[in-house]
Amino acid sequence: MNGFDWQACYGALFQHLDSEGLESWSCLLKQQLTKRFDTNPHGDIQRWQQAWQQLPEFANVSADLTSSAVALSSPDCSDANQRQTEAALRGLMPWRKGPFDFFGVAIDTEWRSDWKWDRVSPYLSDLSGRQVLDVGCGSGYHCWRMLGAGAQRVVGIDPGLLFLFQFLSVKRYLSTAPIDLLPVRMEDLPPKLECFDTTFSMGVLYHRRSPLDHLLELKDTLRRGGELVLETLVVDGPEGYSLMPEDRYGQMRNVWFLPSCDTLLRWLDRAGYRNARVVDVTDTTTDEQRSTDWMRFQSLADFLDPEDPDKTIEGYPGPKRATVIAEKP
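The structure presented is a predicted model; accordingly, all values stated were derived computationally and were not measured.

Please provide a residue-by-residue account of the sheet that holds strand S5 (residues 105-107), values included.
On the basis of which strands lie adjacent, the open sheet formed by four strands has the order S1-S2-S4-S5 and mixed pairing. Since the sheet does not close on itself, it has two edges, and those belong to strand S1 (62-64) and S5, each with one partner. The sheet shows a mean angle of 15° between the axes of neighbouring strands, direction not considered. For S1 and strand S2 (residues 70-73), the ladder comprises three bridges, and the chain directions are antiparallel. In the strand pairing of S2, serine 62 is matched with serine 73.

Structure below.
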């Protein structure tokens, strides 16, 4: 099997970056992607690429990017190519963020990511015509919803290559859509990019050893006047309080700081943002995150105290997520 043709995959993005005066980022990306795909490829990439390549061709594809499921449809869909579609997509399991619908094949993902979007979207500045960055985007579900909300161009970043091929399963049928998922980390972005109108960071902050550094990195991606949309785990408590788990939180090893909402607002203030406000606080339930036929591993129900589901299995307060919106001066 030939290697993954990343240059064709990202050709339109490279042209866009060059046209925006971001040639240095374009050059850096080419070096990073060469290393990721050519020099030191992931051991499973051939298997994921093969599953992705097995997706059938459809004519007259239309997309719905404004409903709960990111949905593709075609009047030319038959039972045979629907079965082929499902077989290919099952080769890209587990599916964690969604839901998606590929020509009648409904993917019930671990997370009802549409619920998060429904909580966040009413408070966003109009995305029409905006350049948008989604940090830690997973399979890109929210990126597609951002495009559906009118964004001019969307760039998602997440180092997981399985997420990339899940994203490309949609992009395969919407090849000209101005949206890309880069398999890189936040720290792989050039400093002081300052080219995005809106930057999302949803479900990332608590994985960072230094949350203030993450807030500063996010601010560097924004133009002046740009908007940060931050969603993260929080705990109840006064300003100045944050929980640092002894080891795991909800069986996750890489959880560092869960602040109170007032502490989170103070962090944003100290990082130089203005007009930071909490727009939503919601407990995460086993209706929103659960095992499904498309994600058959353990999920939230297995990570909560069976005697007290308001606590994690380690005895910490159960997962509660806050969304904060702030601006870069």
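Read on for the rest.
Talk me through the nonpolar core; I want residue IDs and the actual numbers.
One finds Trp25, Phe102 and Trp144 to be the most contacted residues of the largest nonpolar core, which totals 87 residues. Element by element, the count of residues in this core is highest for helix H8 (residues 161-171), at seven residues. Setting aside anything within four residues of it in sequence, one finds tryptophan 144 in contact with Leu65, Val70, Phe100, Phe167, Val170, Lys171, Leu174, Ala177 and Ile179. Within the second largest apolar cluster, eight residues are counted, among which are Tyr206, Tyr249, Val255 and Leu258.

Can you break down the sheet that holds strand S7 (residues 131-135) residue by residue, with the values?
An order of S9-S8-S7-S10-S11-S17-S14 is seen for the seven strands of this open sheet, with the pairing classed as mixed. The sheet is open, and its two borders are formed by strand S9 (179-182) and strand S14 (274-283), each paired with just one other strand. Sheet twist, expressed as the average angle between the axes of neighbouring strands with direction ignored, equals 15°. Where S7 lies against strand S8 (residues 153-157), five bridges are found, and the strand directions are parallel. If you follow valine 135 over to S8, its bridge partner there is isoleucine 157. Those strands touched by helix H6 (residues 113-120) are strand S10 (196-202), strand S11 (222-234), S14 and strand S17 (320-327), and its axis lies near 130° from that of S10. Contacts from helix H9 (residues 211-221) reach S7, S10 and S11, with the element oriented near 145° to S11.

Outline the pairing of strand S16 (residues 308-312), supporting the account with residue identities and numerical values.
The pairing of strand S15 (residues 304-305) with S16 spans two bridges and is antiparallel. Bridge pairing in S16 links leucine 304 to threonine 312. The loop that links S15 with its antiparallel partner S16 comprises two residues.

Could you give an account of the side chain of arginine 130, with specific residues and numbers?
Within the element layout of this structure, arginine 130 appears in the loop between H6 and S7. One buried charged side chain, arginine 130, makes no salt bridge at all; its nearest oppositely charged neighbour is glutamate 227, positioned 5.1 Å away. Among the polar contacts listed, one links the side chain of arginine 130 to the side chain of threonine 198, at a separation of 2.7 Å. Ignoring any residue separated from it by four or fewer positions in sequence, one finds arginine 130 in contact with Ser125, Ala151, Gln152, Arg153, Asp197, Thr198 and Glu227.

How would you explain the pattern of salt bridges if you had to name every residue and give the values?
On inspection of all chains with the given rule, the structure shows 25 salt bridges. Aspartate 44 is the salt-bridge partner of arginine 47, the closest N and O atoms lying 3.6 Å from each other. Its salt-bridge partner being aspartate 180, residue lysine 171 comes within 3.6 Å of it at the nearest N-O pair. Look at aspartate 180 and you get buried, because its relative accessible area is 5%. If you follow the salt bridges from partner to partner, you end up with Arg185, Glu187, Asp188, Arg208 and Glu217 in one network.

Hey, could you go over unusual backbone geometry for me, with residue numbers and the actual values?
A cis amide bond links methionine 93 with the next residue in sequence, proline 94, at an omega value of 5°. Of the consecutive residues glycine 98 and proline 99, the connecting peptide bond is found in the cis state with omega at 15°. Within the secondary structure layout, proline 99 lies in the loop between strand S3 (97-98) and strand S4 (100-102). Here asparagine 60, not a glycine, exhibits a phi torsion of approximately 55°, which is positive. Along the chain, the position of asparagine 60 falls in the loop between helix H4 (45-53) and S1.

Reading the values: rules and limits
- Residues numbered from 1 in each chain as written.
- Predicted model: local features only at pLDDT ≥ 70, side-chain atom pairs only at ≥ 80, totals over all residues.
- Heavy atoms only, no water.
- Pairing = 2+ DSSP bridges.
- Helix = DSSP H or I, 4+ residues; strand = E, 2+ residues; numbered from the N terminus.
- Axes fitted to C-alpha atoms, helices over the stretch in contact; angles between N-to-C directions.
- Core = buried A, V, L, I, M, F, W, Y, C linked by side-chain atoms within 4.5 Å.
- Buried < 20%, exposed > 50% of the residue type's maximum accessible area, 1.4 Å probe, protein only.
- Contact = heavy atoms within 4.5 Å.
- Lys, Arg positive; Asp, Glu negative; His and termini not counted.
- Salt bridge = Lys/Arg side-chain N within 4 Å of Asp/Glu carboxyl O.
- Polar contact = N/O pair within 3.5 Å; in protein donor to acceptor, adjacent residues only side chain to side chain.

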